[in-house]
Every structure is written in structure tokens, then in C-alpha cells.
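# Residue-level structure breakdown
Residues per chain, in single letters:
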Amino acid sequence: MTKRVAILISGSGSNMVALAEAMQGDFPARPALPYGKDRAAFEAELTRVLEEAQPDIICLAGFMRILTPEFTGHWAGKMLNIHPSLLPKYKGLHTHQRAIDAGDDEAGCSVHEATAELDGGPVLGQARVTIEPGETPDSLAAKVLVWEHKLYPEVLRRFACGDRTPVSLP
Ligand code: GRF
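Since the model is a prediction, treat every value here as computed from it, not as a measurement.

All right, on to the layout of surface pockets then. In this model, the largest pocket occupies a volume close to 750 Å³. Along the walls of the largest pocket sit 34 residues, with Phe-63, Met-64, Ile-82, His-83 and Pro-84 positioned nearest its centre. Elements that contribute at least two residues to the lining of the largest pocket include exactly α1 (14–22), β4 (79–83), α4 (95–101) and α5 (137–160). The biggest single contributor to the lining of the largest pocket is α5, with four residues.

Encoded structure:
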């Protein structure tokens, strides 16, 4: 059965677009609710609105707010997040700068189950890119974002079918 997906964003929404565009045809999930920027309305209404929409899965897609343990606990096992690093490396902010500063030769992105631990929870897929000489945080972010848009729909496809086998890209 096709799964209903709620998508939460706080950035420019490009990951939301990638997910929404993927959810067509025989894709095993459909968008039920994308929720964007209005913080006050968001904080007041998130649980009410989500429960009304009855999502089977919640995709945090560039969603940069920390959620309470009550919230993550309520949706345990149903909520995914994308993070622009090869977790468990570089949880939190400034991931690309940190990877470059560390002298890493690769970076990437991870989709994981969202739990009470920030950028924690089981990793369900990763995509890797090479860090080139002269790479900047902006150039690396742009390169990784391209892979975010491929990785997240692919993990969602599997997750919606109950398959938690990790995705590895490219
Ligand atoms: C993505 O890189 C996401 O991983 C990070 O913020 C960015 C949001 O991009 N947390 P968008 O809003 O999906 O375009």
C-alpha cells in the first residue's frame, strides 16, 4: 500500500522538491503534508497537524531545528532525516568546513532514522563525494546536495517498503 509522507523543511526546500518529484508513478509513497518556515505556527501546531494528516513516515528534509525527545519518541521508527556528512562524522553544523579542515579526502551525506540524539539514529544510506584540492565549503555543499537529492528518495523508497537495507551511492 502506498505510504503517506509528511515532509518538514526549514531551508530552501530543494530536498523537499527532490522527494516530492520522486513520489510519482509506482513509487511506494506519496506526499501527504509538506511543512515549511513559520516557526511560531510550526511549534504550536506541528503535532496537531501531523496527527491530522496521519503520516506513516515523516521526512525531515533540511530541517534545522532540534526536536524534543517527546516529539522524536512519539514518531519513533517513522521519522527520517538527511544530514550533509558521512555520519557518525560531523554531527551538527558546519559539516563541510569541518571535513575540509580535518583534511578528509571524502565527504557525503547520510539519511538516518531520527531519534532523540541529534543526527543520531541508525544510518539507512550514504552517498560519497571526493574532496578535491582547493575545495571550499560552498563547492563541497553544492556537490553533496546533488547526491542528497538522489539518496533521500532512494532510502525513502526502501523504507516505505519496510526495507532497511542501507543504500550506498554512487
Ligand atoms: C541540506 O544540505 C541538508 O542536508 C542540510 O541543509 C540543506 C538544506 O537544503 N541540513 P534544502 O532546504 O533541502 O535545499
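Most peptide bonds take the trans form, and the phi angle of most residues other than glycine is negative. Residue Leu-87 is joined to Pro-88 through a cis peptide bond whose omega torsion reads 15 degrees. Looking at where Pro-88 falls in the secondary structure, it is placed in the loop between β4 and α4. A cis amide bond, omega -5 degrees, links Leu-169 with the succeeding residue Pro-170. The topology assignment puts Pro-170 in the segment after β7 (167–169). Here the phi dihedral of Gln-54 falls at roughly 50 degrees; this positive angle occurs in a residue that is not glycine. As for its placement among the helices and strands, Gln-54 is situated in the loop between α2 (39–53) and β3 (57–60).

Moving on: the state of the cysteines. Taken as a whole, this structure holds zero disulfides when the rule is applied. Of all cysteine sulfurs, the one in Cys-59 lies closest to Cys-161, which takes part in no disulfide; the gap is 13 Å.

Before going further, it helps to spend a moment on the environment of Ile-82. On the secondary structure map, Ile-82 appears in strand β4. Judged by relative accessible area, which is 6%, Ile-82 ranks as buried. A sequence separation of 41 residues divides Ile-82 from Val-123, and the C-alpha atoms of the two residues are 9.7 Å apart. Excluding anything up to four places from it in sequence, Ile-82 contacts Asn-15, Leu-60, Ala-61, Gly-62, Ser-110, Val-111, Glu-148 and Tyr-152.

The next thing to look at is the nonpolar core. Judged by nonpolar contacts, the single largest core of 31 residues is most densely connected at Leu-80 and Leu-156. With eight residues, the single largest contributor to this core is α5.

This brings us to the pairing of β3. Of the two faces of β3, the one holding Ile-57 and Cys-59 and the one holding Ile-58 and Leu-60 are both buried throughout. Two strands pair when backbone bridges link them, and strand β1 (residues 3–8) and β3 are joined in this way by four bridges, in the parallel orientation. Bridge assignment links Ile-7 to a residue of β3, and that residue is Cys-59. Traced from β3 through helix α3 (residues 69–74) to β4, the parallel crossover comes out right-handed.

A separate point is α1. Asn-15, Ala-18 and Leu-19 are the residues of α1 that are buried. Angular distribution of buried residues about the axis of α1 spans 95 degrees; they occupy a single face of the element. In this structure, the buried side of α1 is in contact with β1, β3, β4 and α5.

Cut-off values and rules
- Residues numbered from 1 in each chain as written.
- Predicted model: local features only at pLDDT ≥ 70, side-chain atom pairs only at ≥ 80, totals over all residues.
- Heavy atoms only, no water.
- 1 Å grid on protein atoms, 1.4 Å probe; cavity = no way out; pocket = protein on both sides within 12 Å on 5 of 7 lines; lining within 4 Å.
- Points joined across faces, edges and corners; volume = space filled by probe spheres on them.
- Helix = DSSP H or I, 4+ residues; strand = E, 2+ residues; numbered from the N terminus.
- Disulfide = S-S within 2.5 Å.
- Buried < 20%, exposed > 50% of the residue type's maximum accessible area, 1.4 Å probe, protein only.
- Contact = heavy atoms within 4.5 Å.
- Core = buried A, V, L, I, M, F, W, Y, C linked by side-chain atoms within 4.5 Å.
- Pairing = 2+ DSSP bridges.
- Right-handed = clockwise from strand over helix to strand, strands pointing away.
- Arc of directions from axis to C-beta.

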